[in-house]
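# Fold and contact review
Residue strings, one per chain:
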Protein chains: 4
Amino acid sequence: MRPENEPGGRRRSFIEEARRRQIIAAAVEVISEVGYASASLARIAKRAGISKGVISYHFDGKDELMAELVVQLYVSGAEFMAPLVEAAEGWRAKFLTYLESNLQFIDANRTYVAALTEVVLNLRKPDGTPRFTSVDGEEPVIAPLIELLREGQADGTFGDFDPVVMAKIVRDTIDGAAGRAIREPDWDVGRYTDEVCRLFDLATRKGSAR
Amino acid sequence: MRPENEPGGRRRSFIEEARRRQIIAAAVEVISEVGYASASLARIAKRAGISKGVISYHFDGKDELMAELVVQLYVSGAEFMAPLVEAAEGWRAKFLTYLESNLQFIDANRTYVAALTEVVLNLRKPDGTPRFTSVDGEEPVIAPLIELLREGQADGTFGDFDPVVMAKIVRDTIDGAAGRAIREPDWDVGRYTDEVCRLFDLATRKGSAR
Amino acid sequence: MRPENEPGGRRRSFIEEARRRQIIAAAVEVISEVGYASASLARIAKRAGISKGVISYHFDGKDELMAELVVQLYVSGAEFMAPLVEAAEGWRAKFLTYLESNLQFIDANRTYVAALTEVVLNLRKPDGTPRFTSVDGEEPVIAPLIELLREGQADGTFGDFDPVVMAKIVRDTIDGAAGRAIREPDWDVGRYTDEVCRLFDLATRKGSAR
Amino acid sequence: MRPENEPGGRRRSFIEEARRRQIIAAAVEVISEVGYASASLARIAKRAGISKGVISYHFDGKDELMAELVVQLYVSGAEFMAPLVEAAEGWRAKFLTYLESNLQFIDANRTYVAALTEVVLNLRKPDGTPRFTSVDGEEPVIAPLIELLREGQADGTFGDFDPVVMAKIVRDTIDGAAGRAIREPDWDVGRYTDEVCRLFDLATRKGSAR
DNA sequence: GATGAATGAGAGTTCATTCAT
DNA sequence: CATGAATGAACTCTCATTCAT
């Protein structure tokens, strides 16, 4: 019926993509205002100023809309962070840049992040299992970070710690910060970032007693 | 209609309390299986092996059930942690015991914690604002931790850092760990706890370069 | 199970009757406050300060309770009016006393009348047909009035009109007054009664042009 | 969501209006058959041959449907009576035409009037107070009649009586007649109207002894 | 006699989805 | 492409009634 980009379908037209982004933007606003459970298609359509049917036309269903919302923001985040991390010289600098840029991105996209969090935590597959928060699903997200830590250890930059555990702690800290960004409008990201960087800097230093 | 304990109502009977706990337990199971959004009263009643109306009889509504679930587990956690933290000697030991006991509690109550997390993140007041995750609402939760850090700084145990920011990072780390506990059945809490304790021990030490 | 007075059952004990009156009184209060539709057994029991089951014990069901409420007030009204009407001398005086005493009774029992009205208009048999407001059901209520008017015509007191139609108009006027009594707390019954009596006095006079 | 006519919303489409009328008609039928209390949306939808959700789609809720039912019939009645009353010459003729046309309208719309009566007497606001039968709410209904009587008195057509009380008696008589129209299929409106007109004609005549 | 607990049906409402226009 | 209309299932909640204690 509808042109698809993935998988193997015809390329989506420009106008088609614009509509999808418009709808996703409306969904983000609605979710961050009334929460995932109350974010009905009717409300999203109203917010976007379009008819309910349009959403069904452009997305295979509510779930696809929500999944797209997540993917889109995730990609945006990666596109923002990757060049910064790569530009940093040395594993320590890369590590701290990873932390810093991630927190900055969250700060700059609070509403989007709020919506993303709600969706990630709530969206489920038809069989009831989580769509995004599965163990396997996490791997691609933290794999680059683990690799970064391993490289730094191999080259003697970092001390002796379990890179997998450390990566998970980092991610949890960042994800927790995302929640805080949503709930606290006055949250001072700069100070928080400084403290977090200092903390993980100390924890990954060579020569730290185990 | 129904006897109430809080506030000012008659005391609830033993059997009444048992039923409430049974219903809450069923809610916990259902939520951790299908998620908050799909945890309908019908499903919860079915799981508990009772009729739908029973829930309405024992609780003022779905929201009260969910709120009770949160309060109950939160109180359980506090009851578990408080004596351990108090028994520890010295602020550093208290701090590390706080971290350790909290993670242990999460580990020992994974299903409950999973459900609690879903409820806390999703439950809203009738006006649409979050029921539990407001800024003000957080204060009572981290206030004791902030106090603990301040005391340790005053007495020279801890170094120079912002106790409020540090407390928030600690809480985010722990809450993140809760999410992990839910998603990863094989999660090794012991190792994770060691790493977290080492990390925050370093970060709060006196003499850490700022 | 339960002792019955009607039909043919054992006589109800004094305490039994007291309970029934207490429950009916509570029902009257509740109905006149929240209306028939919202007058649940739970609310009535709460108002009476008893448990819900008590009502089921003393009445065969909600419908019997409501029916009893109607009958009880109707009998009270008849007991109040009958001696007054009989004491009046002459058909004209009897007729005006009927009007006057009926309106007085309504005035003195506004809450009861309000409840009765709601019940009469709403209570239905299981098949959906009205329990009280059927054509046949009305006959016993206005039959004495028709008879009174006929006697007065035969004896030359009243003029020439259809006694059945006149009786119906009288009843409608009184029933309408009942509604008014409920809705208007400041309603001046004395003045209303005077005007109504004057009106029907003129309308039933001998020699009125047809 | 749905186009609205009142207040300030977009104009309702023709088809929209037709659906609303169809649903109201079904509600009227159901109410006059099983009564207000048993007139559930399910039954009304079934009678209209539509799905339950359609009612919610076209009306803001059950209460709005019921309120619309009342308003619609009330407006119809006013539209029927007004030109007839205005066309009558002289206050006496206007007064009798008011009575006559009102009773005729009731006669011609028995089922509708039956439903209207049930709704007016039962519909309540969320706080429990009656929606239509309040004292203030009555004013607009009888105000024109009071005015008519006052004009007739000023111009010497009518005798000396309290026009407010008289108007109330007239309304109660008519409303009572409505109830009768519902319950008595064989009710002879012509005869009833004659008798009522004769009665009120006599009661309002100049020179009637007070 | 009286109670609290439980039932199960049915209430109004919301919602994702489908479809003719 | 877009819309408004309609569906039917699922939701929370209320209720009259029953029953063991």
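You'll find the structure just up there.
Here's what I pulled together on the structure shown here. Treat the numbers as computed from the prediction; the structure is a model and nothing was measured. Every chain is numbered on its own, with residues counted from 1 as its sequence reads. Ligands are numbered from 1 and chains lettered from A, in the order in which they are written. This being a predicted model, a pLDDT of at least 70 is required before a residue's local features are given, and a value of 80 or more before pairs of side-chain atoms are given or counted; all residues contribute to the totals for chains, interfaces and linings. Calculation of side-chain values draws on the structure's entire complement of heavy atoms; hydrogens and water are dropped beforehand.

### Overview of the overall build of chain A
A helix here means a DSSP run of H or I that spans at least four residues, while a strand means a run of E at least two residues long, and both kinds are numbered starting from the N terminus. For chain A, the count of helices and strands is 9 helices and 0 strands. When the elements of chain A are put in sequence order from the N terminus, they spell out α-α-α-α-α-α-α-α-α. Taken along the three principal axes of its C-alpha coordinates, chain A extends 60 × 40 × 35 Å. Per-residue accessibility, obtained with a 1.4 Å probe over protein chains only, is compared with the maximum for each type, and a residue is labelled buried under 20%, exposed over 50%, and partly exposed between these values. Here chain A holds 210 residues, and the buried ones make up 49% of them. Surface accessibility follows the Shrake-Rupley procedure with a 1.4 Å probe radius. Residue values consider only the protein chains on display as shielding. Total accessible area on chain A stands at roughly 10000 Å², and carbon and sulfur atoms take up 53% of it. In chain A, the 28 positive side-chain charges and the 33 negative ones have mean positions that sit 5 Å from each other. By the counting scheme adopted, Arg and Lys are positive, Glu and Asp are negative, and His together with the chain ends is not counted. Working definition for charges: the position is that of NZ of Lys, CZ of Arg, CG of Asp or CD of Glu.

### Some thoughts on the protein's contact with DNA strand E
Note on terminology: near, applied to a residue and a molecule or strand, indicates that one of the residue's heavy atoms is within 4 Å of it. Surrounding DNA strand E, one finds 30 residues, the nearest of these being Arg19(B), Val54(B), His58(B), Val54(C) and Lys62(D). Of what DNA strand E places within 4 Å of the protein, 72% of the atoms are sugar or phosphate. Distance and chemistry together define a polar contact, namely a pair of N or O atoms within 3.5 Å, with one atom able to donate a hydrogen and the other to accept it when in protein, and with adjacent residues in sequence counting only for side-chain atoms on both sides. Here Lys62(A) contributes a side-chain N or O atom positioned 2.7 Å from a phosphate oxygen of DNA strand E. A distance of 2.5 Å separates a phosphate oxygen of DNA strand E from a polar side-chain atom of His58(B). Of all elements in the fold, only helix 3 (52-58) of chain A, helix 1 (14-34) and helix 3 (52-58) of chain B, helix 1 (14-34) and helix 3 (52-58) of chain C together with helix 3 (52-58) of chain D reach the threshold of two or more residues within the surface near DNA strand E. With 5 residues, helix 3 of chain B is the single largest residue contributor to the surface near DNA strand E. Residues that form the surface near DNA strand E fall into these classes: 7 nonpolar, 14 polar and 9 charged. In this count, Pro and Cys sit with the nonpolar residues alongside Ala, Val, Leu, Ile, Met, Phe, Trp and Tyr, while Asp, Glu, Lys and Arg are called charged and the others, Gly among them, polar.

### Some remarks on the interface of chain C and chain D
It is common to give the size of an interface as the accessible area that goes away when the parts come together. In this assembly, 39 residues from chain C lie in contact with 41 residues from chain D. Roughly 3600 Å² is buried in total at the junction of chain C and chain D, and carbon and sulfur atoms are behind 53% of that figure. Definition used for salt bridges: Asp or Glu carboxyl oxygen within 4 Å of a side-chain nitrogen of Lys or Arg. Counting the contacts that link chain C with chain D gives 8 salt bridges. Elements with a contribution of two residues or more to the side of chain C that touches chain D: helix 1, helix 6 (110-122), helix 7 (135-154), helix 8 (163-183) and helix 9 (189-204) of chain C. Among the elements that make up the side of chain C that touches chain D, the one with the highest residue count is helix 8 of chain C (11 residues). Of the residues that constitute the side of chain C that touches chain D, the class distribution is 17 nonpolar, 7 polar and 15 charged. Contacts were defined at the residue level, with two residues in contact if any of their heavy atoms lie within 4.5 Å. Computed with a 1.4 Å rolling probe, the buried area is the accessible surface lost when two parts are put together, summed over both parts.

### A look at the protein's contact with DNA strand F
Taken together, 30 residues sit near DNA strand F, with Val54(A), Lys62(B), Lys62(C), Val54(D) and His58(D) positioned nearest. Close to the protein, within 4 Å, the atoms of DNA strand F are drawn from sugar and phosphate at a rate of 70%. Within the side chain of Lys52(B), one N or O atom sits 3.3 Å away from a base nitrogen of DNA strand F. At the level of secondary structure, the elements contributing two or more residues to the surface near DNA strand F comprise helix 1 (14-34) and helix 3 of chain A, helix 3 of chain B, helix 3 of chain C together with helix 1 (14-34) and helix 3 of chain D. A class-by-class count of the residues in the surface near DNA strand F yields 8 nonpolar, 13 polar and 9 charged.

### Here we look at the nonpolar core
One finds Ile44(A), Phe95(A), Phe200(A), Ile44(B), Phe95(B) and Phe200(B) to be the most contacted residues of the largest nonpolar core, which totals 122 residues. If near-sequence neighbours (up to four positions away) are discounted, Phe200(B) is found in contact with Leu199(A), Phe95(B), Leu99(B), Met166(B), Ile169(B), Val170(B) and Thr173(B). Here, nonpolar core refers to any group of buried Ala, Val, Leu, Ile, Met, Phe, Trp, Tyr and Cys residues whose side-chain atoms link them within 4.5 Å. Ranked by size, the runner-up nonpolar core spans 119 residues in total, among them Ile31(C), Ala203(C), Phe95(D) and Phe158(D).

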